[in-house]
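# Observations on chain architecture
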Amino acid sequence: MVEDITALETTALGSLTAAEHRSDRQALEQWRLTYLGSQGQIRQLMRCIGQLPLEERRTFGSAVQSLAQRLEVAYKASEQRVSDRLLNRELEAERIDVTLPGRPHAQGLIHPLRQTLSDVVRAFANLGFQAVEGPEVEWDTYNFELLNIPANHPARDMWDTLWITDRMLLRTHTSPMQVRTMRMASATARRQGNEPPALRIVVPGRTYRYEQVDATHESQFMQLEGLLVDHQSSFSDLKGVLTDVARQLFGQARKTRFRCDYFPFVEPGAELAMDCFACEGRDPHCRVCHGSGWIEILGCGMVHPKVLENGGYDPQRYRGFAFGLGIERITMLRHGIDDIRLFYLNDVQLWRQVRYAPGAPRSWNREVPE
Ligand code: FA5
């Protein structure tokens, strides 16, 4: 029986070495089950002890016991060596070169509309205009009535309005802030026993119209209102301010054109247009200027006496001018974009092209994220 034990040990250690040599985890497990498992060979030897004569049992039992211990120790050592070897192989294959430079993070850029808005606000700030904001949901009173557009007046048809209730609407332009600002300034001055102050403001913000969307019209777009009120402003001051800002934004090369226009809240009124960047007046079918060679960017004029009065300013003693320009239209001109709808598509490819266009701020010369 003791010879059987020695033979078993030799076979077991031989096959353990072979499994270890192949770094074969499955074979190692199989080996463990064969020799040390609950149905394994050591257990079978132990079960034989009861059948031996009494005097042999003790010797045989302790021989089996110590064989079990030796096999256990040998198995653990082999298992450890195989694990170490496999781990080393993995580390070897995954070697990381910590000296490689990292990949730069792609940075975004400010949306061209936002960029134009801040450039326009800055251009007016250079002339002393202060930026204020107003509500996008507006009362009929401020959007129309106090701007000299009474209920049922045909001039209301100039603005296709999105109504919220019969008296509340999404503002169709930023002009309501003319009266709001004048009222606030004149009321504060009156409370303090002073004259209403001179004003010089611009009002950037979103506006909404129930509009047929095409290459130059959106139903939601941005405007920038301007208002100057003092004792002696004139139409030539208005032209001077707008021409100066147009030159700050577009340089000397672009042409501007003032033409008479009608807005109920100014008298006289005008529109300012810039020459068409897409066809420069050469294409009678141009989808940007429709063959006219000009793109209207703003409406303007001298503040109507009734509007001054509604704002708490005496029209006998105060004069003012106002203007309202479209931020999308100006951005189209700056970057040669021929469809207003592109601004709201969120197409990164478009901004890659716009990035290096003439007029693009230097801060845009960065990576746009993939
Ligand atoms: C107005 O909204 C007047 N409140 C402007 C004004 C202010 C006149 C102060 C006099 C004094 P108008 O509807 O023309 O005017 O719009 C002004 C500008 O907004 C246009 O010149 C154009 O650049 C832009 N705009 C108008 N409608 C749209 C539209 N649907 N999509 C994009 N831009 C538009």
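Residues numbered from 1 in each chain as written. Predicted model: local features only at pLDDT ≥ 70, side-chain atom pairs only at ≥ 80, totals over all residues. Heavy atoms only, no water.

### Side note on the domain arrangement of the protein chain
Selection rule: Domain start and end points were adopted from an automatic or database domain assignment.
Per the domain assignment, the segments making up the protein chain are domain 1 (2-93) and domain 2 (112-364). With centres defined by C-alpha atoms, the gap from domain 1 to domain 2 works out at 90 Å.

### Thoughts on the packing of aromatic side chains
Aromatic rings considered in pairs are described by the distance between their centres and by the relative angle of their planes. In plain terms, the rule: Aromatic rings from Phe, Tyr and Trp, with only the six-membered ring used for Trp, were paired whenever their centres fell within 6.5 Å, and each pair was classed as stacked if the ring planes differed by under 30 degrees, edge-to-face if by over 60, and tilted otherwise. Here a helix means four or more residues in a row that DSSP labels H or I, a strand means two or more in a row labelled E, and each is numbered from the N terminus. We call a residue buried when its accessible area falls under 20% of the maximum for its residue type, exposed when it is over 50%, and partly exposed in between, using a 1.4 Å probe and counting protein chains only. A ring is scored as having a charge over it whenever the NZ atom of a lysine or the CZ atom of an arginine sits within 6 Å of its centre and within 35 degrees of its normal.
This model, assessed by the stated rule, comprises 10 aromatic pairs. For the pair Trp31 and Tyr35, a centre-to-centre distance of 5.0 Å together with 40° between the ring planes defines the contact as tilted. Of the two residues, Trp31 and Tyr35 are both situated in helix H2 (residues 25-36); the distance of four residues between them amounts to about one turn of the helix. The two residues Trp31 and Tyr35 agree in class, both being buried. Members of the aromatic cluster, joined through ring pairs, are Phe144, Trp159, Trp163, Phe263 and Phe265. Over the ring of Tyr142 we find Arg180, and its NZ or CZ is 4.2 Å from the ring centre.

### Topic: the layout of surface pockets
This is how the line gets drawn: Definitions used for this entry: grid spacing 1 Å over protein atoms alone; cavity, a set of points where a 1.4 Å probe fits but cannot get out; pocket, an open set with protein on both sides within 12 Å along at least 5 of 7 lines; lining residue, one with an atom within 4 Å of a point. Grid points are joined across faces, edges and corners, and a volume is the space filled by probe spheres set on the points. The classification used treats Ala, Val, Leu, Ile, Met, Phe, Trp, Tyr, Cys and Pro as nonpolar, Asp, Glu, Lys and Arg as charged, and all other residues, Gly among them, as polar.
A volume near 790 Å³ is recorded for the largest pocket. Surrounding the largest pocket, 41 residues form its lining, Arg209, Glu296, Ile297, Leu298 and Arg329 being those nearest its centre. For the lining of the largest pocket, the secondary structure elements donating two or more residues are strand E6 (220-230), strand E7 (256-261), strand E8 (266-275), strand E9 (294-303), strand E10 (319-326) and helix H10 (327-335). The element best represented in the lining of the largest pocket is E9, accounting for seven residues. Taken together, the residues of the lining of the largest pocket break down into 18 nonpolar, 11 polar and 12 charged. Here the second largest pocket defines a volume of roughly 170 Å³. Considering the residues around the second largest pocket, the lining is formed by Arg114, Leu117, Val121, Ala131, Glu133, Gly134, Glu136, Arg171, Pro204, Gly205, Arg206 and Met222. Among the secondary structure elements, those contributing two or more residues to the lining of the second largest pocket are helix H5 (112-125) and strand E5 (199-208). When the residues that make up the lining of the second largest pocket are grouped by side-chain class, the tally is five nonpolar, two polar and five charged.

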